[in-house]
Amino acid sequence: MDELKNRRLEIDALRTLCAIRHHGGVTRAASALGLSQSAVSHKIRRLEENLDCELLGRRAGTPMFTSAGEDLLDYAGRILGLHDEALLSLSKTPLAGRLDLGLTEDTACSDLARILGRFKRLHPNVSVRTRVRMSLVLRAMLDRGELNAAIIQVFAHEVRPTDTVLFRESLHWVKHPDLPLPLSGPIPFLSFDDECFYRQWALDIGQDDEVVLETVFECSSAAGIVAATNAAMGVALLSDRHLRGDMQIVHTRLPSPPALAYVVRRARRSRNTALDTLIGEIEKDISRLGGLTLAS
């Protein structure tokens, strides 16, 4: 028991450890946190010395985290969640009212679900209704005033000054190695449904005389498009998070797709104190973690 009294789990060190997992390494975590790589390494070394165990796998060919590191990460997520919720509960102002929010499917199964759950616990007098739709549908609902705000995916060049950017990623043409790309003629295209703006962009460029896309498969879910790509049925547009295994990025015959961004977008003229508070909490989490994790 005396030994435990001399040990401490520093919140900042636990947050750094989680950032390493979140961003896939020390270098990326350092960049996201605005720290030097040596500063991040020093925090982890101090934590390891305090706990008298190794947390990171530093040998070639070993996992990023040791078994002790994986165990601590499980606790760290819960400790940081309670720590941040406690701080927010002590500084919160009474809120009441109603929020109508829109989410895409991949944001509904992400860090944002945790933030929304915490917001509801801290502000029980705010009624929150959430609707999960495709980004294009949510944008139309915002324009019609049916939502206060929505978390949507847009092309990076469409980000507005009033948007809160949560996440940026690239969009790629991909195929399976077993699928030969014809040197001329139609290219088999694996398409999302009519409510996907990837599809609209692809079909627009598919009207070009130099590129002819022939839709051979249509599906509303990313899982279905991934499966069809892995079955070598055609080429598809997929973001970084959905690249799998042997998929090859296609650089020939097809133009480079625009970059993507996930944003919180408010309805025009939407003034809502509860919404301001929720967006503020999302921004604080982005600042602490250097970004948010979305479902893949």
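Reference entry: report on the structure contained in this document. Since the structure is predicted, the reported quantities are computational estimates derived from the model, not experimental observations.

1. Section: the sheet that holds strand E10 (residues 260-266)
The mixed open sheet is built from 5 strands, whose spatial order is E2-E1-E3-E10-E4. Both edges of this open sheet fall to strand E2 (126-132) and strand E4 (164-169), since each of them pairs with a single strand only. Each adjacent strand pair in this sheet contributes to an overall mean axis angle of 20°, direction not counted. In the sheet, strand E3 (residues 149-155) pairs with E10 via 7 bridges, with the strands oriented antiparallel. Within E10, the residue paired with Val154 across the bridge is Ala261. Together, E3 and E10 form the strand contacts of helix H9 (residues 197-205), whose direction differs from that of E3 by roughly 25°.

2. Some remarks on the packing of aromatic side chains
Two descriptors summarise a pair of aromatic rings, namely the distance from one centre to the other and the angle between the planes of the rings. Counted under the stated rule, the structure contains 6 aromatic pairs. With a centroid separation of 5.9 Å and 65° between ring planes, the pair formed by Trp173 and Phe189 is classed as edge-to-face. Residue Trp173 is located in strand E5 (residues 171-175), and its partner Phe189 is located in strand E6 (residues 187-191); the two are separated by 16 residues in the primary sequence. Residue Phe189 is classed as buried on the basis of its relative accessible area, which comes to 2%. A ring pair is formed by Trp173 and Trp201, whose centres lie 6.1 Å apart and whose planes are at 40°; its orientation type is tilted. Linking Trp173 in strand E5 with Trp201 in helix H9, this pair joins segments that are 28 residues apart in sequence. Accessibility classification places Trp173 together with Trp201 in one group, the buried group. Clustering of aromatic rings is evident, with ring pairs tying together Phe155, Phe192, Phe197 and Tyr198.

3. Looking at helix H2 (residues 11-23)
For H2, spanning 13 residues, the distance from its first C-alpha to its last is 18 Å, which sits close to the expected 18 Å at 1.5 Å a residue. Turning to H2, its buried residues number three or more, namely Ala13, Leu14, Arg15, Thr16, Leu17, Cys18, Ala19, Ile20 and His23. Two residues or fewer after H2 comes Gly24, characterised by a positive phi angle close to 80°.

4. Section: the packing of H2 against helix H3 (residues 26-33)
It is the contact of H2 with H3, at a shortest axis distance of 8 Å, that shows an interaxial angle of 110°. In terms of axis orientation, H2 runs roughly perpendicular to H3. For H2 against H3, the interelement crossing comes out right-handed. For the pair H2 and H3, contact is made by Thr16, Ala19, Ile20 and His23 and by Val26, Arg28, Ala29, Ala32 and Leu33, respectively. Here the residues of the contact of H2 with H3 are counted per class, giving 6 nonpolar, 2 polar and 1 charged.

5. Comments concerning empty space enclosed by the protein
Tallied over the full model, the rule gives 1 cavity of 30 Å³ or more. Looking at the largest cavity, its volume works out to about 80 Å³. Every residue along the wall of the largest cavity is listed here: Leu101, Gly102, Leu103, Leu112, Leu116, Ala149, Ala150, Ile151, Val264, Leu275, Leu278 and Ile282. For the lining of the largest cavity, the elements supplying multiple residues, two or more each, are strand E1 (97-103), helix H7 (111-122), E3 and helix H11 (273-289). Along the lines of polarity and charge, the residues of the lining of the largest cavity split into 11 nonpolar, 1 polar and no charged.

6. Here's the deal with the sheet that holds strand E9 (residues 248-249)
The strand order across the open sheet built from 5 strands is E7-E6-E8-E5-E9, with neighbouring strands paired in mixed fashion. What marks the edges here is a single partner per strand, and that holds for strand E7 (213-218) and E9. One ladder, built from 2 bridges, connects E5 with E9; its direction is antiparallel. In the strand pairing of E9, Lys175 is matched with Gln248. Lying on the sheet, helix H10 (residues 222-230) is in contact with E5, E6, E7 and strand E8 (235-239); it crosses E8 at an angle near 135°.

7. Points about the packing of H2 against helix H4 (residues 37-51)
Orientation of H2 relative to H4, taken along the N-to-C sense of each, is 115°, at an axis distance of 9 Å. Considering the relative orientation of H2 and H4, their crossing is left-handed. Mapping the contact onto sequence places Asp12, Ala13, Leu14, Thr16, Leu17 and Ile20 in H2 and Val40, Lys43, Ile44 and Leu47 in H4. Of the residues assigned to the contact of H2 with H4, the class counts are 7 nonpolar, 1 polar and 2 charged.

8. Concerning the nonpolar core
Core analysis: the largest hydrophobic core is formed by 30 residues, its most contacted members being Trp173, Tyr198, Leu213, Leu238 and Leu254. Put simply, the parts of the chain that give this core at least two residues each are E5, E6, H9, H10 and E8. With 5 residues, the top contributor of residues to this core is H9.

Conventions and cut-offs
- Residues numbered from 1 in each chain as written.
- Predicted model: local features only at pLDDT ≥ 70, side-chain atom pairs only at ≥ 80, totals over all residues.
- Heavy atoms only, no water.
- Pairing = 2+ DSSP bridges.
- Helix = DSSP H or I, 4+ residues; strand = E, 2+ residues; numbered from the N terminus.
- Axes fitted to C-alpha atoms, helices over the stretch in contact; angles between N-to-C directions.
- Contact = heavy atoms within 4.5 Å.
- Phe/Tyr/Trp six-rings, centres within 6.5 Å; stacked < 30°, edge-to-face > 60°.
- Buried < 20%, exposed > 50% of the residue type's maximum accessible area, 1.4 Å probe, protein only.
- Expected span 1.5 Å × (residues − 1).
- Parallel < 35°, antiparallel > 145°, perpendicular 65-115°, else oblique.
- Left-handed = near helix turned anticlockwise from the far one by under 90°.
- Nonpolar A, V, L, I, M, F, W, Y, C, P; charged D, E, K, R; others polar.
- 1 Å grid on protein atoms, 1.4 Å probe; cavity = no way out; pocket = protein on both sides within 12 Å on 5 of 7 lines; lining within 4 Å.
- Points joined across faces, edges and corners; volume = space filled by probe spheres on them.
- Core = buried A, V, L, I, M, F, W, Y, C linked by side-chain atoms within 4.5 Å.

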